[in-house]
Amino acid sequence: MYWIALALTLLVALLHLYFLVLEMFLWTRPLGLKTFRNSPEKAETTRVLAANQGLYNGFLAAGIVAGLVLAQPVLVTFSLVCVVVAGCYGAYSVSRRIFMIQAVPAILALVFRALA
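It should be emphasised that the depicted structure is a prediction, and the values quoted were computed from it without experimental measurement. (Residues numbered from 1 in each chain as written. Predicted model: local features only at pLDDT ≥ 70, side-chain atom pairs only at ≥ 80, totals over all residues. Heavy atoms only, no water.)

### Thoughts on the UniProt feature "transmembrane region" (unreviewed entry) in the chain
Next up, step 1: On the UniProt side, "transmembrane region" (unreviewed entry) is annotated at positions that read residues 6-27 and 59-92 here.
Next up, step 2: Regarding residues 6-27, the helix share stands at 86% and the strand share at 0%, and the terminal C-alpha atoms are separated by 30 Å.
Next up, step 3: As annotated, residues 59-92 has a helix share of 91% and a strand share of 0%, and its two end C-alpha atoms lie 22 Å apart. (UniProt positions renumbered as here; feature names shortened; annotations may be inferred. Helix = DSSP H or I, 4+ residues; strand = E, 2+ residues; numbered from the N terminus.)

Here it is, written out as structure tokens:
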């Protein structure tokens, strides 16, 4: 159980690093446009907001990684719960797809961490 929990936790951190790159650096590029289903015009007008959101995703990843490196399970759990909350809000406010991509892996990581 420990290794599954660790793998899922690291997956969530890697996903959030990927979101950081997408939102901060690729938002107006073809991959960012396709991923977020944006037009070039909309992407350009929302570029600063997306970069801010990307930075927060990076903070979530940093919290998870710092918690793992420093052996602080409370920090890891807190960061994973924040990911779940963000994923639920994103599903409510933007697209249900966000729940599956963001919240479900974090929920699974929390469940397996509790069982480990």
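### Focus on the pattern of salt bridges
Next up, step 1: Scanning the model with the defined rule gives 1 salt bridge in all.
Next up, step 2: Between Arg47 and Glu44 there is a salt bridge whose closest N-O contact spans 3.2 Å. (Salt bridge = Lys/Arg side-chain N within 4 Å of Asp/Glu carboxyl O.)

### So, the side chain of Asn57
Next up, step 1: By the secondary structure assignment, Asn57 is in helix α4 (residues 47-69).
Next up, step 2: Asn57 sits in the buried class, given a relative accessible area of 7%.
Next up, step 3: Beyond its immediate chain neighbours, meaning those up to four positions away, Asn57 contacts His16, Phe19, Leu20, Glu23 and Gln102. (Buried < 20%, exposed > 50% of the residue type's maximum accessible area, 1.4 Å probe, protein only. Contact = heavy atoms within 4.5 Å.)

### Some remarks on the packing of aromatic side chains
Next up, step 1: One pass over the structure, following the stated rule, counts 4 aromatic pairs.
Next up, step 2: Ring geometry for Trp27 and Phe36: centres 4.8 Å apart, planes at 40 degrees, overall tilted.
Next up, step 3: Judged by its relative accessible area of 12%, Trp27 falls in the buried class.
Next up, step 4: According to the relative accessible area criterion, Phe36 is partly exposed, its value standing at 28%.
Next up, step 5: With a centroid separation of 6.0 Å and 85 degrees between ring planes, the pair formed by Tyr56 and Phe59 is classed as edge-to-face. Of the two residues, Tyr56 and Phe59 are both situated in helix α4; the distance of 3 residues between them amounts to about one turn of the helix. When sorted by exposure, Tyr56 lands in the same class as Phe59, which is exposed. (Phe/Tyr/Trp six-rings, centres within 6.5 Å; stacked < 30°, edge-to-face > 60°.)

### Concerning unusual backbone geometry
Next up, step 1: A positive phi angle, close to 55 degrees, is found at Arg37, a residue other than glycine.
Next up, step 2: Along the chain, the position of Arg37 falls in the loop between α2 (30-36) and α3 (40-45).
Next up, step 3: The phi dihedral of Ala71 falls on the positive side, at around 55 degrees, and the residue is not glycine.
Next up, step 4: Following the sequence through the fold, Ala71 ends up in the loop between α4 and α5 (73-93).

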